[in-house]
Amino acid sequence: MNEQTPINNTRTAPAGLPSRRGHISVEKPKNAKRVILRLWKYLSRQKMLLLLILALLLINIATTLLGSYFLRPIINQYIIPRNVPGLIRMIFVLLGIYIVGAAAGIWLNRLMIVVAQKTINILRADLFSKLQSLPLKFFDSNNHGDLMSRFTNDVDNVSDSLNTSVLQLFTSTITLLGIMALMIYISPLLTLVTLIIVPLMLWIASAIIKKSKGYFTTQQNALGAVDGYVEEIITGQKVVKVFCYEDSAAMEFEKLNYDLRDKATQAQLYSGVMQPIIQNLNTINFALTATVGGLLAIFRGLDLGGLAAFLQYSRQFGRPVNEISSQYNSLQAALAGAERIFQIMDEVPEVADTAGAVRLINIKGDVEFKAVTFGYDAGKVVLKNINIQAKVGQKIALVGSTGAGKTTIMNLLPRFYDIQSGVISIDGIDIKNVQRNSLRETLAIVLQDTHLFTATVMENIRYGRLAATDQDVIAAAVLAGADSFIQRLPNGYHTLLHNDGGNLSQGQRQLLNIARSTVARPSILILDEATSSIDTRTEQIIQKGMDQLMKNRTSFVIAHRLSTVRNADEILVLENGEIIERGSHQVLIAKKGRYFQLYTGQFD
Ligand SMILES: Nc1ncnc2c1ncn2[C@@H]1O[C@H](COP(=O)(O)OP(=O)(O)OP(=O)(O)O)[C@@H](O)[C@H]1O
């Protein structure tokens with residue numbers, strides 16, 4: 001059995017009424033290099049486009065740098081010698097250069113978005129198919145909201161950053177290097193003067209980043225708390241209303257909201273000071289460079305055109321520095337998001353079918369549990385030495401107090417979980433040696449909590465067997481007793497259900513569920529009887545539907561109302577994961593043991 005551990009320490013489930021449930025991971029990747037390499041694997045599937053982007057990027061940067069450099073010949077060769085036609089020609093050349101640069105820039109951004117969105121599309125698809133391959137144990141031990149946020153927040157972060165940040169980072173770095181090279185080319189001495197202030201700028205920037213990162217983390221946590229709380233209140237509206245929790249909820253929300261405002265203000269204030277500080281340093285730097293440059297022009301023969309171009313560069317110098325530092329945070333967030341996505345990708349999927357796994361064909365429906373022992377977590381046994389023998393067409397009922405292990409037994413037959421010891425077999429074939437899909441096709445499960453998809457009634461029933469024709473579906477609905485209410489729906493079988501069939505009654509959803517299992521034509525049935533109180537008439541209709549479904553099929557019924565299991569071939573009484581009594585209704589009643597107590601309502 002593969003061990004699943006929660007993939008994140010985030011968001012613990014609340015107990016009882018809505019409580020504070022917010023905490024999102026610190027926005028910093030644990031292993032940035034690995035994440036970048038993995039992201040690169042995704043990006044590099046589009047090598048040609050990336051090469052084109054790189055070429056456009058270089059053209060774009062080159063034109064910017066060249067444009068500024070043109071000041072030198074323009075001043076030296078045309079303005080100082082007063083060559084007007086030449087000057088006009090040069091201005092047109094300059095214009096041409098800028099147009100090429102702008103065109104490259106536009107295409108660059110467009111292509112990057114195409115590459116980014118395609119990458120994100122593949123990433124999302126991989127994530128989804130990975131999720132589908134994970135065992136139920138994974139979903140038991142991970143918060144669903146947190147898993148959802150990998151699809152939304154994390155994927156968004158990666159997407160944003162691929163769309164803009166990555167490109168900007170590249171542009172800024174290359175521009176910075178280009179500017180430096182050209183400055184050195186024009187005047188190494190003046191470059192030295194300009195660069196003196198750079199370490200100071202970098203030091204201030206990194207100090208501010210360090211400090212503001214802390215504030216950003218607390219802001220993210222506060223935001224997570226607010227999000228989590230809102231989600232909880234929305235999903236728990238019924239409970240909130242019924243217990244008149246509105247005022248307390250509003251108060252709690254106000255606290256969280258205030259906390260978020262506080263943290264967000266601090267974070268923004270801190271990160272907001274960076275730009276002006278860097279800008280001012282830049283201005284000081286410019287003044288210093290201009291003064292020294294002027295002196296060099298007077299005393300050391302630096303050409304005026306060169307000086308003008310140089311000053312232009314020194315003004316531009318601050319921008320890439322600024323951009324690199326401002327993209328830093330969002331890049332960190334994206335890498336952290338990507339890391340959380342890859343964490344899921346690295347989860348161990350359901351154990352693959354064994355090499356010689358067989359398909360179940362023409363199954364009669366004999367089911368046997370032999371000395372089965374199982375626990376959800378290693379070391380904590382939930383089922384002990386379970387022995388069950390169900391012959392073709394028999395009805396086996398499982399009864400027992402809550403938490404006794406009834407549902408657990410039924411989770412093992414479709415191999416939602418693998419057993420630790422013992423054997424479960426169908427028609428004598430160990431289910432471990434059966435292909436999972438084939439195993440699940442021979443079974444149908446009618447759960448208490450029906451899950452209906454956003455689709456028509458017809459499609460929802462067809463979910464049981466995708467190859468079923470419309471006639472099959474309708475026949476199944478008739479058999480299940482669902483047909484008459486479906487006919488009364490506004491669009492009959494073509495009525496669209498949404499929000500998990502929120503517009504249907506509990507009983508109606510249950511009937512659709514039965515119809516779905518009927519259309520599946522399973523050899524073996526697992527029924528979890530509804531506990532929720534439905535009126536007696538609906539109950540009778542549902543019971544009739546279930547009885548029809550069970551006809552000639554081996555069925556296991558988890559019974560909550562003992563009146564419905566009287567006609568079972570065998571009743572198994574479970575207590576603390578063990579079968580403590582077994583036999584028919586008459587036998588068990590005569591025995592006057594646990595079943596008798598449960599049946600007659602006489603408890604210790
Ligand atoms: N996904 C799970 N992970 C870990 N433990 C679980 C899980 N599901 C159930 N358990 C534990 O296994 C034991 C048996 O639970 P099970 O759901 O099988 O009981 P049950 O007899 O079906 O109860 P009920 O009648 O209330 O549905 C319980 O102690 C429960 O806490």
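Small disclaimer: the values here were computed from a predicted structure and weren't measured.

J.: Even after reading the chapter, I still don't get the site of the ligand, so can you show me in this structure?
T.: Around the ligand lies a shell formed by Asp140, Tyr376, Val382, Gly400, Thr402, Gly403, Ala404, Gly405, Lys406, Thr407 and Thr408. The biggest single contributor to the shell around the ligand is helix 12 (residues 406-412), with 3 residues. Counted by class, the shell around the ligand contains 3 nonpolar, 6 polar and 2 charged residues.

J.: What's the story with the domain arrangement of the chain in this structure? I'm lost.
T.: Size of an interface, as often reported, equals the accessible area lost when the parts are brought together. Domain annotation for the chain reports domain 1 (30-186 + 337-348), domain 2 (188-301) and domain 3 (367-600). Using only C-alpha atoms to locate each centre, domain 1 and domain 2 end up separated by 23 Å.

J.: What exactly am I supposed to notice about unusual backbone geometry here?
T.: The phi torsion of most residues other than glycine is negative, and most of the peptide bonds are trans. Phi at Asn362 is positive, roughly 50°, even though this residue is not glycine. Along the chain, Asn362 turns up in the loop between helix 11 (304-345) and strand 1 (367-374). According to the C-beta neighbour criterion, Asn362 is exposed, with 6 such atoms within 10 Å. The phi dihedral of Asn552 is positive, around 60°, even though this residue is not glycine. As for its position among the elements, Asn552 is in the loop between helix 18 (536-550) and strand 10 (554-558).

J.: Help me understand the UniProt feature "domain: ABC transmembrane type-1" (unreviewed entry) in the chain, please; the structure alone is not making it clear to me.
T.: What UniProt calls "domain: ABC transmembrane type-1" (unreviewed entry) maps, in this numbering, to residues 51-333. When the span residues 51-333 is considered, its composition is 93% helix and 0% strand, and the gap between its end C-alpha atoms is 26 Å.

J.: Just to check I follow, could you spell out helix 18 for this structure?
T.: Residues lying three or four places apart along an α-helix face the same way, a consequence of the helix completing one turn every 3.6 residues. With 15 residues, helix 18 extends 20 Å from end C-alpha to end C-alpha; this agrees with the ideal 21 Å at 1.5 Å per step. Among the residues making up helix 18, those that are buried are Ile541, Ile542, Gly545, Met546 and Leu549. An end-on view of helix 18 places all buried positions within 135° of arc, on one side of the element. Turned more than 90 degrees off the buried face of helix 18, the exposed positions are Thr536, Arg537 and Gln540. At its buried positions, helix 18 is contacted by helix 15 (470-480), helix 17 (506-520) and strand 9 (524-528).

J.: Even after reading the chapter, I still don't get the packing of helix 2 (residues 47-69) against helix 6 (residues 144-186), so can you show me in this structure?
T.: Angle between the axes and distance between the axes are the two parameters that describe a pair of packed helices. Contact geometry of helix 2 with helix 6 gives a least axis separation of 10 Å together with a crossing angle of 35°. Note that helix 2 runs across helix 6; the crossing there is right-handed. Of helix 6, the residues touching helix 2 (which contributes Leu57, Ile61, Thr64, Leu65 and Tyr69) are Phe170, Thr171, Ile174, Thr175, Gly178, Ile179 and Leu182.

J.: Would you mind showing me how to read the packing of helix 4 (residues 84-133) against helix 11 here?
T.: Viewed as axis vectors pointing N to C, helix 4 and helix 11 meet at an angle of 40°, and their least axial separation amounts to 9 Å. Of the two possible hands of crossing, helix 4 and helix 11 adopt the one that is left-handed. When helix 4 is examined against helix 11, the residues Leu123, Asp126, Leu127, Lys130 and Leu131 are found in contact with a partner set consisting of Ile341, Ile344 and Met345. Grouping the constituent residues of the contact of helix 4 with helix 11 by class yields 6 nonpolar, no polar and 2 charged.

J.: What's the story with the pairing of strand 11 (residues 570-575) in this structure? I'm lost.
T.: Successive side chains on a regular strand alternate, one facing one side of the sheet and the next facing the other. Where burial is concerned, most of strand 11 is hidden: 5 out of the 6 residues are buried. Both strand 11 and strand 12 (residues 578-583) contribute to a ladder of 5 bridges, which runs antiparallel. Across the sheet, Ile571 pairs through a bridge with Gly583, a residue of strand 12.

J.: Would you mind going over the sheet that holds strand 3 (residues 395-400) with me for this structure?
T.: Within a sheet, each strand pairs with its neighbour through backbone hydrogen bonds, oriented either parallel or antiparallel. The sheet built from 6 strands is open, its strands ordered 6-9-10-3-11-12 with mixed pairing. Each edge of the open sheet carries a strand with a single partner, namely strand 6 (443-446) and strand 12. Neighbour-to-neighbour, the strand axes of this sheet turn through a mean angle of 20°, independent of strand direction. This element, helix 17, spans strand 6 and strand 9 of the sheet and lies at about 175° to strand 6.

J.: Would you explain the nonpolar core in this entry?
T.: Nonpolar side chains tend to gather and get buried jointly when the protein is soluble and globular. In terms of nonpolar packing, the biggest core is built from 66 residues, with Ala397, Leu398, Ala477, Ile514, Ala515 and Ile571 touching the most fellow members. The element best represented in this core is helix 17, accounting for 6 residues. Residues in contact with Ile571, not counting those within four places in the same chain, are Ala397, Val399, Val565, Arg582, Gly583, Ser584, His585, Leu588 and Tyr595. Counting 39 residues, the second largest nonpolar core, distinct from the first, contains Leu39, Val115, Ala116 and Ala336.

J.: Is there a simple way to think about the UniProt feature "transmembrane region" (unreviewed entry) in the chain in this case?
T.: What UniProt calls "transmembrane region" (unreviewed entry) maps, in this numbering, to residues 48-71, 86-108, 166-186 and 192-209. Helix makes up 96% of residues 48-71 and strand makes up 0%, while its end C-alpha atoms are separated by 36 Å.

J.: When you look at the environment of Ile486 in this model, what are you seeing that I'm missing?
T.: Counting through the fold element by element, Ile486 comes out in helix 16 (residues 483-488). Owing to 25 C-beta atoms within 10 Å, Ile486 belongs among the buried residues under this scheme. Spatially, the C-alpha atoms of Ile486 and Ser159 are 43 Å apart, while their sequence positions differ by 327 residues.

J.: Looking at this structure, I do not really get the sheet that holds strand 2 (residues 383-390). What am I missing?
T.: Spatially, the 4 strands line up as an open sheet ordered 2-1-4-5, and their pairing is antiparallel. The open sheet is flanked by strand 2 and strand 5 (429-430), the only strands paired with a single partner. In this sheet, strand 2 lies alongside strand 1 in antiparallel orientation, the contact comprising 5 bridges. Its bridge partner being in strand 2, Val367 is matched across the sheet by Ala390.

J.: In this structure, what is going on with the pairing of strand 4 (residues 421-426)? I would like to understand it.
T.: The pairing of strand 1 with strand 4 spans 5 bridges and is classified as antiparallel. Along strand 4, the bridge assignment pairs Lys370 with Val423. The antiparallel pairing of strand 4 with strand 5 creates a hairpin that spans 2 residues between the two strands, and Asp427 there sits at a positive phi of about 50°.

The rules behind these values
- Residues numbered from 1 in each chain as written.
- Predicted model: local features only at pLDDT ≥ 70, side-chain atom pairs only at ≥ 80, totals over all residues.
- Near = placed C-beta within 6 Å.
- Helix = DSSP H or I, 4+ residues; strand = E, 2+ residues; numbered from the N terminus.
- Nonpolar A, V, L, I, M, F, W, Y, C, P; charged D, E, K, R; others polar.
- Domains from an automatic or database assignment.
- Buried ≥ 20, exposed ≤ 12 C-beta atoms within 10 Å, placed from the backbone.
- UniProt positions renumbered as here; feature names shortened; annotations may be inferred.
- Expected span 1.5 Å × (residues − 1).
- Arc of directions from axis to C-beta.
- Contact = placed C-beta atoms within 7 Å.
- Axes fitted to C-alpha atoms, helices over the stretch in contact; angles between N-to-C directions.
- Left-handed = near helix turned anticlockwise from the far one by under 90°.
- Pairing = 2+ DSSP bridges.
- Core = buried A, V, L, I, M, F, W, Y, C linked by C-beta atoms within 7 Å.

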